[in-house]
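Single-letter residue listing:
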Amino acid sequence: MAIGYEVPKDILIKRPDKNTPLAAWVGPVNFPHGFHAVQNPCKSCHHEELDRTLGQFLPCTQCHNQSGMDSKADFYRAFHNERTMSCLGCYKQKRYSGQAMPPLSCVASCHKAPEGGKPQ
Ligand code: HEC
Ligand code: HEC
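Residues numbered from 1 in each chain as written. Chains lettered and ligands numbered in written order. Predicted model: local features only at pLDDT ≥ 70, side-chain atom pairs only at ≥ 80, totals over all residues. Heavy atoms only, no water.

Caption draft 1: The overall build of the chain, seen in detail. Counting secondary structure elements, the chain contains four helices and two strands. Along the chain direction, N to C, the helices and strands of the chain fall in the order β-β-α-α-α-α. Within the span of the chain, comprising 120 residues, buried residues form 18% of the whole. In the chain, 37% of the contacts between residues at least 6 apart in sequence involve partners at least 24 apart. For the chain, the exposed area adds up to about 8,900 Å²; of that, 57% sits on carbon and sulfur atoms. (Helix = DSSP H or I, 4+ residues; strand = E, 2+ residues; numbered from the N terminus. Buried < 20%, exposed > 50% of the residue type's maximum accessible area, 1.4 Å probe, protein only. Contact = heavy atoms within 4.5 Å. Areas by Shrake-Rupley, 256 points an atom, 1.4 Å probe, with all protein chains shown as cover.)

As structure tokens, this is what we get:
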């Protein structure tokens, strides 16, 4: 039996409701999801999706929606902690292991610079 997954091509990652940004200039982030899904196994990011939930790929923000940076349920930490399944953690690991040289600066990577100025 063939199982087809929906693999979105481009995703706009939006801040969850009632989540306070750590920096005021940070807006929604364009994420080339299809590209990343070809380069990495789904479960390297969708760490909750095992065989028992085939076909149900949840948005990270369903669980990672809290403000701040002290809890594993924080929106910020899902994308910035030092572990492989976060964006920043994976970029750092690829750099240090010499596999690739992905940008590590906020605005050169994922966040567009705010109108008329630099991020704080
Ligand atoms: C590099 C990390 C990464 C990889 C690899 C990855 N995804 Fe995702 N995926 C994400 C992120 C980030 C989101 C957006 C989550 C959000 O907005 O909260 C997402 C969202 C999705 C969504 C939309 C969920 C929704 O209801 O909004 C689906 C479906 C999905 N991914 C399926 C897959 C499948 C299938 C694979 C493997 C073929 C895969 N993804 C590989 C990071 C990844
Ligand atoms: C169904 C809920 C759920 C979904 C969906 C989910 N996570 Fe998680 N995530 C968790 C839980 C619970 C933990 C804490 C696990 C632990 O303590 O080992 C966690 C831990 C993490 C961590 C480590 C956090 C830290 O600071 O140590 C990262 C990074 C992470 N998730 C990224 C993601 C990304 C990226 C996605 C979407 C592609 C995602 N998660 C989707 C529930 C979820």
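Caption draft 2: Representation of the side chain of Ser86 within the structure. Within the secondary structure, Ser86 sits in the loop between helix H2 (75–80) and helix H3 (87–96). Assessed through its relative accessible area of 1%, Ser86 is described here as buried. Setting aside residues up to four positions removed in sequence, Ser86 forms contacts with Arg77, Ala78, Phe79, His80 and Asn81.

Caption draft 3: Summary view of the site of ligand 1. Near ligand 1, the surroundings consist of 20 residues, among which His33, Cys42, Cys45, His46 and Thr61 are the closest. A distance of 2.8 Å is found between a nitrogen atom of ligand 1 and a side-chain nitrogen or oxygen belonging to His33. Contact between ligand 1 and His46: a nitrogen atom at 2.8 Å from a side-chain N or O atom of the residue. At the level of elements, strand E1 (11–13) and helix H1 (33–39) are the ones that each hand at least two residues to the shell around ligand 1. The element best represented in the shell around ligand 1 is H1, accounting for three residues. For the shell around ligand 1, the residue count by class is 13 nonpolar, six polar and one charged. (Near = heavy atom within 4 Å. Polar contact = N/O pair within 3.5 Å; in protein donor to acceptor, adjacent residues only side chain to side chain. Nonpolar A, V, L, I, M, F, W, Y, C, P; charged D, E, K, R; others polar.)

Caption draft 4: Structural view of the coordination of the iron atom of ligand 1. Around the iron atom of ligand 1, the protein supplies His33 (NE2) and His46 (NE2) as donor atoms, at distances of 1.9 Å. Geometry at the iron atom of ligand 1 is octahedral, judged from the six donor atoms that bind it and their angles of 87 to 180 degrees at the metal. Here His46 lies in the loop between H1 and H2 and His33 lies in helix H1, a separation of 13 residues in the sequence. Classification of His33 by relative accessible area gives buried; the value is 13%. (Donors = N, O, S within 2.8 Å, 3.2 Å for Na, K, Ca; no water. Tetrahedral: all angles 85-135°; square planar, octahedral: opposite > 155°, others 65-115°.)

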